[in-house]
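# A closer look at the structure
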Amino acid sequence: MQSFKDNAGRQWSVEINVAALKRVRGLTGTDLMQVIEGTLIEKLIRDPVLLCDVVYAICKPEADTRTPPVSDEEFGRAMAGDAIEAATTAVLEELVGFCPSPRDRANLGRVLQAMKKVMERARDLVEKKLDGGELDRLTDRLLETAGASSISAPEPSASTRDP
């Protein structure tokens, strides 16, 4: 079982089993077993709203037993930044562990590792470009272009010309 902490400081348990799969499918329309086909991981990573809906559906029994119960709206308010990344990791790792086939578990684990590497490389590339001044050069070019176009006044339109 994986866990994560939301931005309100609440610890949540993420446990994937058949009951959780059915609950997620019923509440969100998302089939978590699409993860084996390779289509779901990217959707969850790119869509934080879908991810939080899925995580809330997984954690709903726990949310309902809290005092006071945590609604999906309250849950969503406490999900941003590091909490989303931690929840994503917890869900994906639980899905790997849930896969019935040892081969599927191994393959999905490899896919997850490869995806993490790609994301880290992309982040490194962005940081390198920012640190190398590429953003500053682009900004300078855009400002020069905008400055040059604002120097020459546009031709008056037919509707504003004097008769």
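Below: a short report on this structure. Note that the structure is predicted; figures quoted are calculated from it, not measured.

## Topic: a nonpolar patch on the surface
- On the surface, Val126, Leu130, Leu135, Leu138 and Leu142 cluster together into a nonpolar patch covering about 450 Å² of accessible area.
- Going through the elements one at a time, α7 (102-131) and α8 (134-151) are the ones with two or more residues in the nonpolar patch.
- The element best represented in the nonpolar patch is α8, accounting for 3 residues.
- Residue placement: Leu142 occurs in helix α8.

## What to know about the state of the cysteines
- All told, the structure shown has 0 disulfides when counted by the stated rule.
- Cys52 carries a free sulfur, and the closest cysteine sulfur to it, the one in Cys59, is 10 Å from it.
- Here Cys99 stays free of any disulfide, with the sulfur of Cys59 as its closest cysteine sulfur at 19 Å.

## Examining the pattern of salt bridges
- Counted under the stated rule, the structure contains 6 salt bridges.
- Close ionic contact of Asp6 with Arg10 constitutes a salt bridge, the shortest N to O distance being 2.8 Å.
- The exposure class of Arg10 is buried, given its relative accessible area of 19%.
- Here Glu62 makes a salt bridge to Arg66, at a shortest N to O gap of 2.8 Å.

## What to know about unusual backbone geometry
- Of note, the amide linkage connecting Thr67 to Pro68 takes the cis form, showing an omega dihedral of -10 degrees.
- Structurally, Pro68 is set in the loop between α4 (48-65) and α5 (72-77).

## Remarks on the packing of helix α6 (residues 82-98) against α7
- Look at α6 against α7: their axes get within 8 Å of each other, and the N-to-C directions meet at 160 degrees. By the criterion of interaxial angle, the relationship of α6 to α7 is roughly antiparallel. Remark: the crossing between α6 and α7 carries left-handed chirality. Contact residues: Leu92, Glu93, Leu95, Val96 and Gly97 in α6; Arg105, Leu108, Gly109, Leu112 and Lys116 in α7.
- Partitioning the contact of α6 with α7 into residue classes produces 5 nonpolar, 2 polar and 3 charged.

## Thoughts on α6
- Between the first and last C-alpha of α6 there are 24 Å, a value that for 17 residues agrees with the 24 Å anticipated at 1.5 Å per step.
- Burial in α6 covers these residues: Ala83, Ile84, Ala87, Thr88, Ala90, Val91, Leu92, Glu94, Leu95 and Val96.
- Next to the buried residues of α6 lie β1 (2-5), β2 (11-14), α2 (34-37), α3 (40-46), α4 and α7.

## Here we look at the side chain of Thr30
- Within the secondary structure, Thr30 sits in the loop between α1 (18-28) and α2.
- In contact with Thr30, other than residues within four places in its own chain, are Val24, Arg25, Leu40, Leu50 and Val54.

The rules behind these values
- Residues numbered from 1 in each chain as written.
- Predicted model: local features only at pLDDT ≥ 70, side-chain atom pairs only at ≥ 80, totals over all residues.
- Heavy atoms only, no water.
- Patch = residues over 30% accessible without salt bridge, like charges linked within 9 Å, V, L, I, M, F, W, Y side chains within 5 Å.
- Areas by Shrake-Rupley, 256 points an atom, 1.4 Å probe, with all protein chains shown as cover.
- Salt bridge = Lys/Arg side-chain N within 4 Å of Asp/Glu carboxyl O.
- Helix = DSSP H or I, 4+ residues; strand = E, 2+ residues; numbered from the N terminus.
- Disulfide = S-S within 2.5 Å.
- Buried < 20%, exposed > 50% of the residue type's maximum accessible area, 1.4 Å probe, protein only.
- Axes fitted to C-alpha atoms, helices over the stretch in contact; angles between N-to-C directions.
- Parallel < 35°, antiparallel > 145°, perpendicular 65-115°, else oblique.
- Left-handed = near helix turned anticlockwise from the far one by under 90°.
- Contact = heavy atoms within 4.5 Å.
- Nonpolar A, V, L, I, M, F, W, Y, C, P; charged D, E, K, R; others polar.
- Expected span 1.5 Å × (residues − 1).

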